[in-house]
Amino acid sequence: MKKVLVIGSGGREHAIVDALSRSPQVEKIWCAPGNAGIARQAECVPIKDTDVSALLAFALEKGIDLTVVGPEAALAAGVADSFRDAGLKVFGHSKSATRIESSKEFAKILMERYDIPTAGYRSFDNYGKALEYVSGRPFPAVLKYDGLAAGKGVVIAENLQEADEALKEMLLDDAFGKGKVVVEDYLCGPEFSFLCFVSGSDVYPMPLSQDHKRAFDGDKGPNTGGMGAYTGLPFITEEDREFALEKIMKRAAAAMVAEGCPLSGVLYGGLMKTPQGIKVIEFNARFGDPETEVVLPLLQSDVYDIFEAVACGKEPQQQLKWKDEVTVGIVLASKGYPGKYEKGFPILGAEDRDAIVYHMGTSRGADGSLLTAGGRVLIVVCSGKTVAEAHAKATAEAERINCPQLFHRNDIAHWAL
Ligand code: AMP
Ligand code: GLY
């Protein structure tokens, strides 16, 4: 029986812990640092997800058989490299492979070199040159800071003034640190997420999903980390999926092998179905959040088997099997999010729902009551034979959770309703 450590503290990690807890091979799960919901299925340890030496010392002390890394910050801090150097099995890419997410320029050069469809681009480290280039092109202009910027490094500028402000912030004020800016062609079409388990050039696809980034119904309001997601996308044909798998995901995996930095974890394609075909908007080197919360509940196979196979660079013992159902997940967020919000409000009725409830940002009060502890707080996930059925169930269950300081969208999966 196996001992597993999961690194991270959000809904994504709750879904990973939940999937692992269904594995017949798993004896005990720890999660660093975890949250109040995860604590019902794993032992939480108060170690920060980027504290590589403390995580390693913990894993060695407990004799952990396999570590699963959730957040990109932990990968970019080199957690997977340190664990592998110490002879431990880890599901998560090396720091070098994580560049497919952490450096926009690395990803763009890779896509150009290996003929992976994406928007045309140029990169700049000089403010004046960047501004001159943007001035001579049509708007909107897409400006991307070349590094991890906690989801704030992309600006779609509608006019020269907006572009100028963003370029100043990124290249003169070094708002996210010293770095370059990638200026990209503006594309349009529906976006979707393609998560795959990747071990070198072997790619094992998960069901497609779609995230909803804007805070309010009708895709209005500020951008967030994601207010909900669903599977069962009506606008992607089998042909589209095959194209995305063969010409994007498998090609990217092979490209990373050829570049000497093979992937060993999840490759997340943030894709767009444009009138000119499917193109890459971005790659991420990790499970998506909230996509993971709607995808992993559909996995019928033993998740430990696939995590271990990827970590060891061998084939999984069984072909991955997925339920023939679809899912809808609705995020309950603190009022004010993604701007300022307060924490510490009691939540009633989250723990006896006829739904999966993953915790994204919660804690426990001294009396054991469940409290809000983040911007995104909970995600309620329901499945069904159709998106409409799953949506109706998830909405009803989300509304039974009682906390006046939380809000949610009512139109998650609107593309499919
Ligand atoms: P990224 O962090 O690269 O995913 O960008 C954040 C969001 O900006 C994406 O989810 C898209 O909605 C939008 N975006 C990024 N690149 C482009 C592009 N080339 N054309 C249009 N929209 C884009
Ligand atoms: N759902 C968006 C992300 O995980 O980056």
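In this text the structure is predicted, and so the values were computed from the model without any measurement.

Parameters and conventions
- Residues numbered from 1 in each chain as written.
- Chains lettered and ligands numbered in written order.
- Predicted model: local features only at pLDDT ≥ 70, side-chain atom pairs only at ≥ 80, totals over all residues.
- Heavy atoms only, no water.
- Helix = DSSP H or I, 4+ residues; strand = E, 2+ residues; numbered from the N terminus.
- Rg over C-alpha atoms; globule rule 2.2 N^0.38 Å.
- Buried < 20%, exposed > 50% of the residue type's maximum accessible area, 1.4 Å probe, protein only.
- Contact = heavy atoms within 4.5 Å.
- Areas by Shrake-Rupley, 256 points an atom, 1.4 Å probe, with all protein chains shown as cover.
- Salt bridge = Lys/Arg side-chain N within 4 Å of Asp/Glu carboxyl O.
- Core = buried A, V, L, I, M, F, W, Y, C linked by side-chain atoms within 4.5 Å.
- Pairing = 2+ DSSP bridges.
- Axes fitted to C-alpha atoms, helices over the stretch in contact; angles between N-to-C directions.
- Parallel < 35°, antiparallel > 145°, perpendicular 65-115°, else oblique.
- Nonpolar A, V, L, I, M, F, W, Y, C, P; charged D, E, K, R; others polar.
- Near = heavy atom within 4 Å.
- Polar contact = N/O pair within 3.5 Å; in protein donor to acceptor, adjacent residues only side chain to side chain.

A. Broad picture of the overall build of the protein. A count of helices and strands for the protein gives twelve helices and 23 strands. For a compact globule of 417 residues, the expected C-alpha radius of gyration is about 22 Å, and the protein comes in at 21 Å, within 12% of that figure. Oriented by its inertia axes, the alpha-carbon framework of the protein measures out at about 60 × 50 × 45 Å. In the protein, buried positions account for 56% of the 417 residues. Restricting to contacts in the protein with at least 6 residues of sequence separation, those with at least 24 account for 68%. When the accessible surface of the protein is summed, it comes to about 17100 Å², and 49% of that surface belongs to carbon and sulfur atoms.

B. Structural detail: the pattern of salt bridges. Using the criterion set out here, one finds 31 salt bridges in the structure. Between lysine 178 and aspartate 174 there is a salt bridge, with its nearest N and O atoms 3.3 Å apart. Ionic pairing is found between glutamate 397 and arginine 353, a salt bridge with its closest N-O pair at 2.7 Å. Taken as a pair, glutamate 397 in helix α12 (residues 387-399) and arginine 353 in the loop between β18 (326-334) and β19 (356-359) lie far apart in primary sequence, 44 residues in all. Each member of the salt-bridge network shares a partner with another, and the members are Asp217, Asp219, Arg409 and Asp411.

C. Structural context of the nonpolar core. Counting residues in each nonpolar core, the largest one holds 43 residues, and the members touching the most others are Val6, Leu20, Val68, Phe197, Phe287 and Phe307. Per-element tally for this core: the top contributor is helix α11 (residues 303-312), with six residues. Contact partners of phenylalanine 287, with chain neighbours within four places excluded, come to Arg12, Ile16, Phe91, Leu195, Phe197, Met206, Val266, Tyr268, Thr292, Leu296 and Phe307. Counting residues in each nonpolar core, the second largest holds 42 residues, with Val198, Leu233, Ile278 and Phe283 among its members.

D. Highlighting the sheet that holds strand β2 (residues 26-33). With respect to topology, five strands assemble into an open sheet ordered β3-β2-β1-β4-β5, the strand pairing being parallel. Of all the strands in the sheet, just β3 (43-44) and β5 (90-91) have a single pairing partner and so form its edges. Strand direction decides the pairing type here: strand β1 (residues 2-8) and β2, joined by seven bridges, are parallel. Looking across to β2, one finds that lysine 2 is bridged to valine 26.

E. Up close: the packing of helix α1 (residues 11-21) against α11. Contact pair α1 / α11: the axes reach a minimum separation of 8 Å and the direction vectors enclose 110 degrees. By the angle class used here, α1 and α11 are roughly perpendicular. On the side of α1, the interface is formed by Ile16, Ala19 and Leu20, while α11 contributes Val303, Tyr304 and Phe307. Its residues assigned to classes, the contact of α1 with α11 comprises six nonpolar, no polar and no charged.

F. Structural view of the site of ligand 2. Inspection of the region around ligand 2 gives Asp211, Lys213, Gly225, Tyr268, Asn284, Arg286, Gly288, Asp289, Pro290 and Glu291 as its neighbouring residues. Between ligand 2 and aspartate 211, the relevant distance is 2.8 Å, taken from a nitrogen atom to a side-chain nitrogen or oxygen of the residue. Measuring from an oxygen atom of ligand 2, one finds a backbone N or O atom of aspartate 289 at 2.9 Å. Coverage of ligand 2 by the protein amounts to 90% of the 200 Å² it exposes when considered alone.

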